[in-house]
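Spelled out, the chains give:
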Amino acid sequence: MEEVEFIWLNGKFVPWKEATLHFLTHSLHYGTAVFEGIRCYKTDKGPAVFRLQDHVKRLFNSAKITGMENLPFSEEQMLDATKQLIQKNNLQECYIRPLFFYGYGKMGLDTKRVKIGAGIAAWPWGAYLGEEGIKRGASATISPFKRHANQVFAQAKVSGIYTNSTLAKMYALNRGFDEAIMLDSQGMVSECTGENIFLVSDGKLFTPDENNILLGITRDSIMQLAKDEGYQVEECEVTKETLFKADECFITGTAAEITPIVEVDGKAIGSGKPGAVTKKMQKDYDDVVHGGLSKWDKWLDFVR
Ligand SMILES: Cc1ncc(COP(=O)(O)O)c(C=O)c1O
């Protein structure tokens, strides 16, 4: 990973290598941290964070859902700290990772009176599934690890829950696939390990409904952009059969952006190449995040 100069930790900008925590940090033992993944892009008007307010809102909602109370910083302070961090590190494009955690001082599962800490890191991070993945498309396998059935947690980005995603991801990588598609407890297509999923059939977009997925901010952006392009978009239950019969498939996420899935478990999806709708949505998204479609500048938080 590419290191930069500073990390924001508990209200202070500290040198990257000094942003360390005690071994008995509560969240390290019990998986109780909540976090976000955000991206900042280069635009003509300087670096801009994509949908920063929505990400910070989701971070605070994740804390609420998991009962993490009395956070030491407000939404406004987290927004400001994020932008200052990008400036201080002189970054044009980066990935941003804010996180609230239960700190050092008390062990056991009772989180009352455990001190809450906060940090934000930002660093350059290229294409999550590789440039080839974005251009030529990635492969996926259906994971035997199901999406967490607890609906409450489906809406929260809690660190402990990601053990499931890690198992699914490693299952895929160890078998030569790029990503894992997780099913929900009913066997319906849910999402990938860190991305939502879209299918295209007869020019119409389909995506699993909100029952058992993380409500991705990229997913929401793509739904709005696709509707604006005149495509019909339907949120519904998606079976494995619908996936295999689809003309196109792509996944969306802050890290993975818009990545075509061209093959699942060795079977080609559609032509086995990124399809026209996928390419159109990739182009729109790329334009929007780089400030090339002024209509959507409301989603950009300029750093300077
Ligand atoms: C499980 C999961 N699903 C979907 C997503 C996509 O969400 P977003 O588009 O907000 O990054 C993520 C990434 O945060 C994720 O971890």
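Residues numbered from 1 in each chain as written. Predicted model: local features only at pLDDT ≥ 70, side-chain atom pairs only at ≥ 80, totals over all residues. Heavy atoms only, no water.

## Considerations on the site of the ligand
Here's step 1: Around the ligand, the structure places 15 residues, and the nearest of them are Lys157, Tyr162, Glu191, Thr218 and Thr254.
Here's step 2: In the model, an oxygen atom of the ligand is placed 2.5 Å from a nitrogen or oxygen of the Tyr162 side chain.
Here's step 3: Between Thr254 and the ligand, the recorded distance is 2.6 Å, taken from a side-chain N or O atom to an oxygen atom.
Here's step 4: Alone, the ligand offers 380 Å² of accessible surface; in the complex the protein occludes 95% of this.
Here's step 5: Listing elements by their share of the shell around the ligand, those giving two or more residues are helix H7 (217-228) and strand S14 (248-253).
Here's step 6: Residue composition of the shell around the ligand, grouped by class: 3 nonpolar, 8 polar and 4 charged. (Near = heavy atom within 4 Å. Polar contact = N/O pair within 3.5 Å; in protein donor to acceptor, adjacent residues only side chain to side chain. Areas by Shrake-Rupley, 256 points an atom, 1.4 Å probe, with all protein chains shown as cover. Helix = DSSP H or I, 4+ residues; strand = E, 2+ residues; numbered from the N terminus. Nonpolar A, V, L, I, M, F, W, Y, C, P; charged D, E, K, R; others polar.)

## Quick look at the pairing of strand S2 (residues 12-15)
The two faces of the sheet receive side chains in turn, since in a regular strand these alternate between them.
Here's step 1: Where strand S1 (residues 6-9) meets S2, 4 bridges bridge the pair, whose relative direction is antiparallel. Within S2, the position partnered with Ile7 by the bridge is Val14.
Here's step 2: Here S1 hands over to S2 after 2 residues, with Asn10 in that stretch at a positive phi of 50°. (Pairing = 2+ DSSP bridges.)

## Regarding the nonpolar core
Here's step 1: Ranked by internal contacts, the top residues of the largest apolar core, which has 39 residues, are Trp8, Val49, Met78, Ile86, Ile96 and Phe100.
Here's step 2: Broken down by secondary-structure element, the contributors of at least two residues to this core are S1, strand S4 (38-41), helix H2 (52-65), helix H3 (75-88), strand S6 (94-102) and strand S7 (116-123).
Here's step 3: Element by element, the count of residues in this core is highest for S7, at 6 residues.
Here's step 4: Mapping this core onto the domain boundaries places at least three of its residues in each of domain 1 (6-123) and domain 2 (130-289).
Here's step 5: When near neighbours in sequence (up to four residues on either side) are disregarded, Ile86 contacts Cys40, Pro47, Val49, Leu91, Cys94, Ile96 and Val303. (Core = buried A, V, L, I, M, F, W, Y, C linked by side-chain atoms within 4.5 Å. Buried < 20%, exposed > 50% of the residue type's maximum accessible area, 1.4 Å probe, protein only. Domains from an automatic or database assignment. Contact = heavy atoms within 4.5 Å.)

## Details of the domain arrangement of the protein chain
Here's step 1: Segmentation of the protein chain into domains returns domain 1 (6-123) and domain 2 (130-289).
Here's step 2: Computed over C-alpha atoms only, the centres of domain 1 and domain 2 are separated by 26 Å.
Here's step 3: Contacts between the two partners involve 20 residues from domain 1, matched on the other side by 22 residues from domain 2.
Here's step 4: Of the roughly 1,800 Å² buried between domain 1 and domain 2 on both sides combined, carbon and sulfur atoms contribute 62%. (Buried area = accessible area lost by both parts, 1.4 Å probe.)

## Details of the packing of aromatic side chains
Here's step 1: If you walk through the whole model with that rule in mind, you get 12 aromatic pairs.
Here's step 2: Every member of this aromatic cluster is reached through a ring pair, and the members are Phe50, Tyr285, Trp296 and Trp299.
Here's step 3: One cation-aromatic arrangement involves Lys88 over Phe13; the distance from NZ or CZ to the ring centre is 5.3 Å. (Phe/Tyr/Trp six-rings, centres within 6.5 Å; stacked < 30°, edge-to-face > 60°. Lys NZ or Arg CZ within 6 Å of the ring centre and 35° of its normal.)

## Examining the side chain of Arg51
Here's step 1: Position of Arg51 relative to the elements: it lies in the loop between strand S5 (48-50) and H2.
Here's step 2: Excluding residues that lie within four positions of it along the chain, Arg51 makes contacts with Ile217, Asp220, Ser221, Gln224 and Trp299.

## Examining the pairing of S7
Here's step 1: Judged by how many residues are buried, S7 sits mostly within the fold: 8 of 8 residues are covered.
Here's step 2: Side chains Ile116, Ala118, Ile120 and Ala122 of S7 all project onto a buried face; the interleaved residues Gly117, Gly119, Ala121 and Trp123 project onto the opposite face, where all are buried too.
Here's step 3: Summarising the sheet, S1 and S7 pair through 2 bridges and their orientation is antiparallel. Residue pairing across strands places Trp8 opposite Ile120, the latter belonging to S7.

## Let's talk about H3
Here's step 1: The end-to-end C-alpha distance of H3, which contains 14 residues, comes to 20 Å, matching closely the 20 Å that a straight helix rising 1.5 Å per residue would cover.
Here's step 2: Within the sequence span of H3, burial applies to Met78, Leu79, Ala81, Thr82, Leu85 and Ile86. What you see down the axis of H3 is that its buried residues fit within an arc of 165°, all on one side.
Here's step 3: One or two positions beyond H3, positive phi appears at Asn90, with a value near 55°. (Expected span 1.5 Å × (residues − 1). Arc of directions from axis to C-beta.)

## Thoughts on the pattern of salt bridges
Here's step 1: Per the stated rule, a full pass over the model turns up 18 salt bridges.
Here's step 2: Each of the salt bridges in this network shares a partner with another, and the network as a whole consists of Arg51, Asp54 and Asp220. (Salt bridge = Lys/Arg side-chain N within 4 Å of Asp/Glu carboxyl O.)

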